[in-house]
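# Understanding the architecture of this molecule
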Amino acid sequence: MKFNISIFILWALLSCSACGENGQNPEEPTIDVSLDKRTIQEDGAYQIFYKTANDITGDPMPYYNEQDKTIYVFYLSTVVGKSGVCLTKTTNFASFGVASNIVQVGGTGSWDTGIGTGSCIKNGSQYVFFYTGFSNQSPSSVVLKAVSNDMRTWTKVPSFRIEAPNNFDRNEFRDPCVYFDDTRGKYVMLVGGRKLGKASIVRFESADLNDWQAIEPLTATTSDNPQVYEVETDTEIHECPDIFKMGDKWYLVFSRINRDMHRKTYYRIADNPNGPWKIARDADGHHETFDGLYLYAGKTSSDGTARYVSGWASTGQSFNASNELDWGGCLVTHEIVQQSNGKLYPKISDAVDAKFSKSVEYKDIKRTGNVSGSNGSFSLNGGKVIFNRNAASVKIEMTINASQVTKNFGIAFGAYENQQDTYDIKFDLTAENQYGLPTLFLFHDSKEHNFTPLIVPQNKIFNVKIIIEKSICAMYINNNVAFTNRITNMNQNPWMIFANEGTVKFSDIKIYKQ
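Description of the structure in this document. These figures come from a predicted structure and were not determined experimentally. (Residues numbered from 1 in each chain as written. Predicted model: local features only at pLDDT ≥ 70, side-chain atom pairs only at ≥ 80, totals over all residues. Heavy atoms only, no water.)

### Considering unusual backbone geometry
Residue proline 139 follows serine 138 across a cis peptide bond; omega there is 0 degrees. The peptide bond linking glycine 275 to proline 276 adopts the cis configuration, its omega dihedral lying at 5 degrees. Positionally, proline 276 belongs in the loop between strand S16 (265-270) and strand S17 (280-282). A positive phi angle, close to 70 degrees, is found at leucine 209, a residue other than glycine. Within the secondary structure layout, leucine 209 lies in the loop between strand S11 (198-206) and strand S12 (213-221). Despite not being glycine, lysine 460 shows a phi value in the positive range, around 55 degrees. With respect to the element layout, lysine 460 can be found in the loop between strand S30 (447-453) and strand S31 (461-469). Judged by its relative accessible area of 24%, lysine 460 is partly exposed. (Helix = DSSP H or I, 4+ residues; strand = E, 2+ residues; numbered from the N terminus. Buried < 20%, exposed > 50% of the residue type's maximum accessible area, 1.4 Å probe, protein only.)

In structure tokens form, the structure reads like this:
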């Protein structure tokens, strides 16, 4: 009996010594309260915002395969030896399969020495992938196709080629989108092009996906009263067009290629595929984008229940010599929800939201200015609260009550040392800015890097969810606003909340990991 008790006491002592001083499991590290700057070299691969280790994700082309209830995400690859189209798959945009290279660029003299965006559709038992072929020939851009019986092995069809019709720019003809149009009882193809100096979506129809005849194009107009066959936009070309029907409304999605702060993914609404294609407007104002600069080349997919928009977030943080963000990056996907007025609002997908379910302890490690509160609820009036760094991908949740203030508050990342080098996501609830509407901004060194319109509820209360993976930060507000940014000094550095003027209450702050 004494022997057994001695063994028990020895076991207890050993168990206690294996714990930290405060009884924590050694697998759970203590909270790091340091404020030094850490520069992390990314390993390349992303899980939530899909990207393989040695490639970038360019121009996603999602296709829902009813046969296996899976979304296949075609995307453009730039890896030498695999340049062309790669393919991954997912059921929920929260996890992805292994990538495979399915269509490679052609050899010298081919029509696809370079490959651009396209779309997939099923015809009987065969899958057909239409894509853009670029070359040094004339015309320099054409529509080509490849076919597959199993979504794994794809074969190009060398006899198939569509060129821009007469009177259209022969070298600006790209990004075919093919769908079955039930108003015509035929397949319809949309191709981004230009005619007489104007952006124009070239359209074709076909009964069999082989023989195509041109039909009335959709032409850009800057009028706020577009007519049939017109699209309300000032874009120089409708890049990566996409079309779908939701309820009794039709939606046209495209990316505005113009090199300025409005280079984003847009949508237009109509009662039928011929238009007129208008900006969604009502008594509460207009709505036309899903995100800021970091959702480009967006195209949609639906599993029959939810619809998603998928685009890429650039690897760059500032405009390059061409006055645009670097091409390609990580896959960003939002669920889009139709409102009763026809507007489409973005929200975090249920699967991504649910993936971050394990609570993470955190600590406010520094306060400046007028701050009160604790345990995840703070009142700030010209103050800041800095929180410890997160070492892995996390979801941050909080509620912001801005009923007593209209601007100059928000959330910042890269809050190391003296918090002088932060990237600030600022809320402006007024229309007193360069865009003339309530806006979310990203600022760094007093310079605007990104913006998106902000929908302000009457009570000025914002329910916020933020997904962070390495240098990608995707913020969702009230299930109607998404704001994605690339912030390199965010990775594994402290972050903070701030209110530069007036009183703002931040409450129910929670952090979760996978």
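### Here we look at the nonpolar core
Counting residues in hydrophobic clusters, the biggest one holds 40 residues, and the most contacted among them are Met398, Ile400, Ile411, Phe413, Trp495 and Ile497. Formed by 36 residues, the second largest nonpolar core is a distinct cluster that contains Phe290, Ile348, Tyr435 and Ala474. (Core = buried A, V, L, I, M, F, W, Y, C linked by side-chain atoms within 4.5 Å.)

### Description of the sheet that holds S16
Across the sheet, which stays open at both edges, the three strands sit in the order S14-S15-S16 with antiparallel pairing between neighbours. Strands with a single pairing partner mark the edges of an open sheet, and in this sheet they are strand S14 (238-246) and S16. Neighbour-to-neighbour, the strand axes of the sheet open up by a mean angle of 20 degrees, direction not taken into account. For strand S15 (residues 249-256) and S16, the ladder comprises six bridges, and the chain directions are antiparallel. Following the sheet pairing, tryptophan 250 is matched in S16 by alanine 270. (Pairing = 2+ DSSP bridges. Axes fitted to C-alpha atoms, helices over the stretch in contact; angles between N-to-C directions.)

### Re the side chain of serine 393
Residue placement: serine 393 occurs in the loop between strand S25 (377-387) and strand S26 (394-401). Judged by relative accessible area, serine 393 falls into the buried class, the value being 18%. With sequence-adjacent residues up to four places away left out, serine 393 is seen in contact with Phe356, Ile468, Glu469, Tyr512, Lys513 and Gln514. (Contact = heavy atoms within 4.5 Å.)

### What about the environment of tyrosine 179?
Its location among the elements puts tyrosine 179 in strand S9 (residues 168-181). Linking tyrosine 179 and serine 119, residues 60 residues apart in sequence, is a C-alpha distance of 8.9 Å. Not counting the four nearest positions on each side in its chain, tyrosine 179 is found in contact with Ile121, Lys186, Tyr187, Val188, Leu190, Ile243, Trp250 and Pro273. Reaching out from tyrosine 179, the side chain makes a polar contact with the side chain of aspartate 181 at a distance of 2.9 Å. (Polar contact = N/O pair within 3.5 Å; in protein donor to acceptor, adjacent residues only side chain to side chain.)

### Let's talk about the pairing of S16
Among the six residues that make up S16, six are buried, leaving the element largely enclosed by the rest of the structure. Because side chains alternate across S16, one face comprises the buried residues Thr265, Tyr267 and Ile269, and the other comprises Tyr266, Arg268 and Ala270, equally buried.

### Topic: the sheet that holds strand S4 (residues 100-104)
On the basis of which strands lie adjacent, the open sheet formed by four strands has the order S1-S2-S3-S4 and antiparallel pairing. In this open sheet, the two strands that pair with only one neighbour each are strand S1 (58-65) and S4. Neighbouring strand axes in the sheet, compared pairwise and without regard to direction, differ in orientation by 30 degrees on average.

### Description of the pairing of strand S29 (residues 439-444)
Counting buried residues in S29 gives five out of six residues, a clear majority hidden from the surface. Across six bridges, the pairing between strand S28 (residues 423-428) and S29 is antiparallel. In the sheet register, phenylalanine 427 faces S29, and the bridge partner there is leucine 440. Where S29 and S30 come together, six bridges link them in antiparallel fashion. Bridge pairing in S30 links leucine 442 to asparagine 450. Between the antiparallel neighbours S29 and S30 lie two residues, among them aspartate 445 with a positive phi of about 55 degrees.

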